[in-house]
Amino acid sequence: MERNSFKISKRRFIKECAALSAGVFCLPGTRTITDLCKEEETVFRKEAMFQEETARGIMCRICPNECVLKEGELSKCNNRKVIKSKLYTLAYGNPCSVNVDPIEKKPLYHFLPGSRAFSIATAGCNLVCLNCQNWTISQTSPDKTRNYDLMPEKVVSECIAKSCKSIAYTYSEPVTFYEYAYDTAVLAKNAGIKNIFKSNGYIYPEPLKKLCSVIDAANIDLKAFNESTYLKLSGGKLQPVLDSLKIYRDMGVWLEITNLIVPEWTDSTGEIRKMCKWLAENGFNKVPVHFSRFHPLYKLEQLPPTPVDILNQAARIAEDEGLLYVYTGNVPGSEISDTKCPGCGNTLLVRQGYRITVNTIANGKCNKCGKAVDGVWS
Ligand code: SF4
């Protein structure tokens, strides 16, 4: 595991970090960089995958941002850096968030319902969403967060110790801690543990295909359905996300999609219909779609929460266009969080928040009409 490590002295690292952190606001609860150095002498633990030498510098080929970096420069996702002409990830074995979550929180509604997911995230993201709910960790670097020391082997053993059926790479953006997630997922797969990606889908096909060989389920954010909104809202492009959805599905990863409806940004019913039509026409009608409620935060604090009516309208449009499993999220008490049989309409799973209160699916089938319900149920 340490074969590709690059060790630097504490002194040099402190010097580099001091330059890097000049003028940087340290979030409440974060350790100082000096404290971090005490705990993590080896910070650049792993050479980055998918790097390419170019005349302009080292290019990262993981996501469509295509960062080209010169010596000492930090990537757009804040967790890759060129050291001695090689690109290194700063996000390896140092998650800033570690939790045991119900799998429903991802949200994944058709994958091992009621099970627990050992959830990890490092700092960093390749997008800059104005509405990010985890901006305190996504819009910073592993140098500046308070981190655990948790190498892949330890993640797997902790997952087993906490009786979790899966490891979720989540909260910030796992595409940007690719090497850490991939190595952990390989070990987890060998130990019979499932791997889950909660991601923005902003990744190139080649690294994604490699990842799909070890990932079992994914929930991908489809943030908007036109290029201009995508760019303004998140700093990314729509087309690569659509391409990723097809790869996840074609490679047999269990897929669910989240569409956060943000007032004034992504609440046009015309655009929601266009998105649902595209999903239906491109063979995603069996993929669960979650319309999620926006709450004012980060750079969109001035907006109101999404009216529940809009979420309900979106769900009706999706059903109308032929999507079989449609949910609304962040709406307490809504029946649109229950799973119904696509054949007879019988209610199969009842959810209260992240809790399953009724589950009558028998061997992946409706207990009333016997129709198969899409998902991974055991
Ligand atoms: S993963 Fe990070 S370093 Fe690589 S291209 Fe994307 S933003 Fe740049």
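Residues numbered from 1 in each chain as written. Predicted model: local features only at pLDDT ≥ 70, side-chain atom pairs only at ≥ 80, totals over all residues. Heavy atoms only, no water.

1. With respect to the site of the ligand
Then comes step 1: Around the ligand, the structure places C60, I62, C63, N65, E66, C67, S75, K76, C77, R80 and N126.
Then comes step 2: The pocket occupied by the ligand, as judged from atoms lying within 2 Å of grid points, is the largest cavity.
Then comes step 3: Partitioning the shell around the ligand into residue classes produces five nonpolar, three polar and three charged. (Near = heavy atom within 4 Å. 1 Å grid on protein atoms, 1.4 Å probe; cavity = no way out; pocket = protein on both sides within 12 Å on 5 of 7 lines; lining within 4 Å. Sits in = over half its atoms within 2 Å of the grid points. Nonpolar A, V, L, I, M, F, W, Y, C, P; charged D, E, K, R; others polar.)

2. Notes on the packing of aromatic side chains
Then comes step 1: Counted according to the given criterion, the structure contains nine aromatic pairs.
Then comes step 2: Ring centres of Y92 and Y180 lie 5.6 Å apart, and the angle between their planes is 50°; on these two criteria the pair is classed as tilted. Note that Y92 is positioned in the loop between β6 (86-89) and β7 (97-102) and Y180 in helix α5 (residues 178-190), a separation of 88 residues in sequence.
Then comes step 3: Classification of Y180 by relative accessible area gives buried; the value is 0%.
Then comes step 4: Aromatic side chains W135 and Y298 sit 4.8 Å apart centroid to centroid with 15° between the ring planes, which places their arrangement in the stacked category. You can see W135 sitting in helix α3 (residues 135-138) and its partner Y298 sitting in the loop between β13 (289-293) and α10 (308-320), a full 163 residues away along the chain.
Then comes step 5: Taking the relative accessible area as the measure of exposure, Y298 reaches 21% and is therefore partly exposed.
Then comes step 6: Site record: aromatic cluster; members linked through ring pairs are F50, Y178 and Y182.
Then comes step 7: In this arrangement the basic side chain of R249 is found over the ring face of F284, its NZ or CZ atom lying 4.4 Å from the centre.
Then comes step 8: Across from the ring centre of Y109, 3.9 Å away, lies the NZ or CZ of R351, which sits over that ring. (Phe/Tyr/Trp six-rings, centres within 6.5 Å; stacked < 30°, edge-to-face > 60°. Helix = DSSP H or I, 4+ residues; strand = E, 2+ residues; numbered from the N terminus. Buried < 20%, exposed > 50% of the residue type's maximum accessible area, 1.4 Å probe, protein only. Lys NZ or Arg CZ within 6 Å of the ring centre and 35° of its normal.)

3. What about the layout of surface pockets?
Then comes step 1: By volume, the second largest pocket is sized at about 230 Å³.
Then comes step 2: The wall of the second largest pocket is formed by 15 residues, among which E319, L324, Y325, V326 and K340 lie closest to the centre.
Then comes step 3: Those elements that provide at least two residues to the lining of the second largest pocket are β14 (326-329) and β15 (339-340).
Then comes step 4: Residues belonging to the lining of the second largest pocket are distributed by class as follows: eight nonpolar, three polar and four charged. (Points joined across faces, edges and corners; volume = space filled by probe spheres on them.)

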